[in-house]
Amino acid sequence: MEQHQFDMVIRNANIATATDIFQADIGIRCGKIVALAQSLLAGAQEIDAAGRWVLPGGVDAHCHLAQPTSDGSVMADDFFTGTRSAACGGTTTVIPFALQQKGSTLEQAVRDYHVASDGRACVDYAFHIIVADATVHTVETELPDLIERGYTSFKLYMTYEDLKLNDRQILDILSITRREGAMSMIHAENTDCIAWLTERLLAKGLTTPIYHSLSRPSVVEREATHRAISLAEFLDTPVLIVHVSGREATEQIRQAQSRGLRIYAETCPQYLFLTADDLGSDGFEGAKCICSPPPRDEGSQQAIWDGLDNGTFQVFSSDHAPFRYEGAEGKKVAGEDGDFTRVPNGIPGLETRLPLLFSEGVLAGRIDINKFVAVTATEPAKIYGLYPRKGTISIGADADIVIWDTTQKRTIRNEDLHHHVDYTPYEGREVGAWPAVTLCRGEVVYRDGEFTGRAGHGAFVRCERPKPARPKSRLGRTLAWLDVL
Ligand code: URP
Ligand code: ZN
Ligand code: ZN
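This structure is a prediction, so every number in the text was calculated from the model and none was measured. (Residues numbered from 1 in each chain as written. Chains lettered and ligands numbered in written order. Predicted model: local features only at pLDDT ≥ 70, side-chain atom pairs only at ≥ 80, totals over all residues. Heavy atoms only, no water.)

### Focus on the coordination of the zinc ion (ligand 2)
The condition is simple: Sodium, potassium and calcium take a 3.2 Å donor cutoff, other metals 2.8 Å, and in both cases only N, O and S atoms count; water is not among them, so sites may look incomplete. Only DSSP runs of H or I with at least four residues qualify as helices, and only runs of E with at least two residues qualify as strands; both kinds are numbered from the N terminus onward. Each residue is placed in one exposure class: buried if its accessible area under a 1.4 Å probe, protein chains only, is under 20% of its type's maximum, exposed if it is over 50%, and partly exposed if it falls in between.
At the metal site, the zinc ion (ligand 2) is ligated by Lys 155 (NZ), His 187 (ND1) and His 243 (NE2), and these contacts range over 2.1 Å. Mapped onto the sequence, the donors of the zinc ion (ligand 2) take the spacing K-x31-H-x55-H. Taken as a pair, the zinc ion (ligand 2) and the zinc ion (ligand 3) lie 4.1 Å from each other. Of this pair, His 187 sits in strand β11 (residues 183-187) while His 243 sits in the loop between β12 (239-241) and α8 (247-258), and the two are 56 residues apart along the sequence. Assessed through its relative accessible area of 2%, His 243 is described here as buried.

### Describing the environment of Arg 11
For clarity, the cut-off: It only takes one pair of heavy atoms within 4.5 Å for two residues to be counted as in contact. Definition of a polar contact: a pair of N or O atoms within 3.5 Å, with one able to donate and the other able to accept a hydrogen when the atoms are protein atoms, and with sequence-neighbouring residues admitted only if both atoms are side-chain atoms.
Considering the arrangement of structural elements, one finds Arg 11 in strand β1 (residues 6-16). Note: C-alpha distance between Arg 11 and Ala 49 (38 residues apart in sequence) is 5.7 Å. Among residues more than four places away in sequence, those in contact with Arg 11 are Asp 25, Leu 40, Leu 41, Ala 42, Glu 46, Ile 47, Asp 48, Ala 49 and Ala 50. At a separation of 2.8 Å, a polar atom in the side chain of Arg 11 contacts the side chain of Asp 25. Within the local environment of Arg 11, its side chain forms a polar contact with the side chain of Glu 46, the two groups lying 2.6 Å apart.

### A look at a nonpolar patch on the surface
We apply this condition: By definition, no residue in a patch forms a salt bridge, and every one has over 30% relative accessible area; like charges are joined within 9 Å, nonpolar side chains (Val, Leu, Ile, Met, Phe, Trp, Tyr) within 5 Å. Only the protein chains shown count as cover for residues, with accessible areas throughout obtained via the Shrake-Rupley method and a probe of 1.4 Å. By definition here, a salt bridge exists when the distance from a side-chain nitrogen of Lys or Arg to a carboxyl oxygen of Asp or Glu is within 4 Å.
Nonpolar side chains collect at one region of the surface, where Trp 481, Leu 482 and Val 484 lie side by side and expose about 400 Å² of accessible area between them. When you line up the elements, Val 484 lands in the segment after α13 (474-481).

### Side note on the nonpolar core
What counts here: Among buried residues, the Ala, Val, Leu, Ile, Met, Phe, Trp, Tyr and Cys ones that are joined through side-chain atoms within 4.5 Å form a nonpolar core.
Residues Ile 263, Leu 308, Leu 357 and Phe 372 are the most contacted members of the largest nonpolar core, which totals 101 residues. If one sorts the elements of this core by residue count, helix α7 (residues 218-235) sits on top with six residues. Beyond its immediate chain neighbours, meaning those up to four positions away, Ile 263 contacts Ile 229, Ala 232, Val 239, Ile 241, Ile 253, Ala 256, Gln 257 and Gln 314. If you look at the next biggest cluster of nonpolar residues, it comprises 22 residues, including Phe 97, Ala 132, Tyr 384 and Leu 386.

These figures come from the coordinates and say nothing about function on their own.
Here you go:
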């Protein structure tokens, strides 16, 4: 039998990384990229990219799969359907959230999440951890232990009754993530303003989905973003502000970055492609677009595009939080008459994230192809300690690769998607790019409209710590010298 040097060769690839564009064949062996050259010997299998764009598989650094809820709703996607959908949209690594329950430990959350994911995932995955109960044990013992074991990013909420932490608790956690060189991700909305306004809206009978948006105005996000940045500056530690929706929060982040602070930021498709008007349709339908922070207006959409282009945002994630529209477990868990506070928050988007950004970003000339790769793959992989194994095309990297078809227009229809949600907010929208082939560690998991992967191919990937934070500000240096950090 003929022996091949490569398990797979992708020929005639027009490769883009976060920095380069070049034409090459890609040689793959044992799930890794082992050769990049103008002309490689034959592989056991071959795919002709025929000059199409060949990019690193997407890293979706913010999605929710099989996450427990507290209101009787059930997330529509588990690790199988969620990662199947990811693969079909060109994403080969996902980082969902292991949620700590109040009264329980982080350790338990991580154990439960491994049970939910083991043998179920079709693409690779790591975990962020949501810290919901900041006890002394959690903060001082569990955080360092988990960081050591490859769980190096923690989401902290400034809002939601059952998840929110106060500033003092956030400081406690930031001081540990700082010391251990881990990353804190902050959901920045001012919870008291939201509660105050919500009470008044409901008292007036203003209960339909559009009032979700009114109850969480931009200023609420701006204030919390400013405060999160200030807490990070106070302790001289990096933080990442997740799912930034509005112009005002974007300005806060940009200003902090221009002062040299290590503030990272993420945005999502809903803030580019939806507005508050999408929550305002007659009846209950607007519930499909309820998420927090809510989509804003066209001015904010432009600010988010600018922020992607000028580097304010390093990360473009889906924040896929899947709830079905019909049935009693999803958006209608409290019935169609339930007020907006009783609608589960979140929008599906794992599969549509990359095609939407490729079409409206790259093909429409708003960002270049290198920026697309940076914000959808390379930067999230770097920030969360997965690079260079994930997020790029280079020798030694995992063979997570997408060949893109930009030759035909396609209309997004939920019936063509592979998640278990019964709608997409992007129904009927036309896109000019869609993956033709997705490979995850050398295995073809999607090809020409068909999911070809399998549950259990996806593996857990441990995150390395980003480099330890060094004191940067004068206050940081002083506090470090006094040994109080
Ligand atoms: O509405 C949203 N974003 N739901 C998911 C949970 C979160 O805060 O990320
Ligand atoms: Zn959030
Ligand atoms: Zn989220």
